[in-house]
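Analysis of the macromolecular model
Listed below are the residues making up each chain.
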Amino acid sequence: MYRYETIIYWNDGDGAFITEVPELPGCTAHGDTQQEALSNACEAIELWLDTARTHGDSIPEPKGQRLMYA
């Protein structure tokens, strides 16, 4: 399991649970259940990190706490 904050919410338009990983720009996933969405988010995080490594991009350290929104 990764330590990046993951937000899960229901989206009526998509008819699915959506996950967002705010610390990894563009890292999102979805699923029919919350568990499936979270599982898919873990896979998306892994793919995001692998892609960043392949391209030599920086990888942010997990903040390990809730992000603040204005």
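Everything that follows concerns the structure shown earlier in this document.
Attention here is on the structure that accompanies the text. Source: prediction; values computed, not measured. Along each chain, residues carry numbers from 1 onward, in the same order as the chain's sequence is written. Where local features are concerned, this predicted model is filtered to residues with pLDDT of at least 70; where side-chain atom pairs are given and counted, the filter is 80 or more; whole-chain, interface and lining totals use all residues. No hydrogens and no water enter the side-chain calculation; it runs on all heavy atoms of the structure.

Description of the overall build of the chain
Of regular secondary structure, the chain possesses one helix and three strands. In this text, helices come from DSSP runs of H or I with a minimum length of four residues, and strands from runs of E with a minimum of two, each type numbered from the N-terminal end. When the helices and strands of the chain are placed in sequence order, the string is β-β-β-α. Principal-axis analysis of the C-alpha atoms gives the chain an extent of 35 × 30 × 20 Å. Buried, partly exposed and exposed residues are distinguished by accessible area as a fraction of the type maximum, computed with a 1.4 Å probe on protein chains only: under 20%, between the cut-offs, and over 50%, respectively. By the burial criterion, 29% of the 70 residues in the chain qualify as buried. Residue contacts are counted whenever heavy atoms from the two residues lie within 4.5 Å of one another. Sequence separation of at least 24 residues holds for 34% of the intrachain contacts in the chain that already meet a minimum separation of 6. The Shrake-Rupley method, run with a 1.4 Å probe sphere, supplies the accessible areas, and residue values consider only the shown protein chains as cover. When the accessible area of the chain is evaluated, it comes to approximately 5,000 Å², of which 49% is carbon and sulfur surface. In the chain, 4 positive and 12 negative side-chain charges are present, and the distance between their average locations comes to 12 Å. By the counting scheme adopted, Arg and Lys are positive, Glu and Asp are negative, and His together with the chain ends is not counted. To locate a charge, take atom NZ for lysine, CZ for arginine, CG for aspartate or CD for glutamate.

Here we look at the sheet that holds strand S2 (residues 16–20)
At least two DSSP bridges between two strands are needed for those strands to be called paired. Spatial ordering of the open sheet is given by S1-S2-S3, a layout of three strands whose pairing is antiparallel. Both edges of this open sheet fall to strand S1 (7–11) and strand S3 (28–31), since each of them pairs with a single strand only. The mean inter-strand angle of the sheet, taken between neighbouring strand axes irrespective of direction, is 25 degrees. Strands in contact with helix H1 (residues 34–55) are S1, S2 and S3; relative to S3, the strand with the most contacts, it is inclined by about 150 degrees. Helix axes use the C-alpha atoms of the stretch in contact, all axes being lines fitted to C-alpha atoms, and the angles between their N-to-C directions lie in the range 0 to 180 degrees.

Examining H1
For H1, spanning 22 residues, the distance from its first C-alpha to its last is 31 Å, which sits close to the expected 32 Å at 1.5 Å a residue. By the burial criterion, the buried members of H1 are Ala37, Ala41, Cys42, Ala44, Ile45, Leu49 and Ala52. What you see down the axis of H1 is that its buried residues fit within an arc of 170 degrees, all on one side. Facing away from the buried side of H1, by more than 90 degrees, are the exposed residues Gln35, Glu43, Leu47 and Thr54. Residue Gly56 follows H1 closely and has a positive phi angle near 70 degrees. By this rule, a helix spans an expected 1.5 Å times one less than how many residues it contains. As used here, the arc is the angular range of directions from the helix axis to the C-beta atoms.

A closer look at the pairing of S3
By the alternation rule, side chains of S3 split into Ala29 and Gly31, which are all buried, and Thr28 and His30, of which none is buried. When S2 meets S3, the two strands line up antiparallel, connected through four bridges. For Ile18, the partnering residue across the bridge sits in S3 and is His30.

Such coordinate-based values are descriptive only and should not be taken to indicate function.
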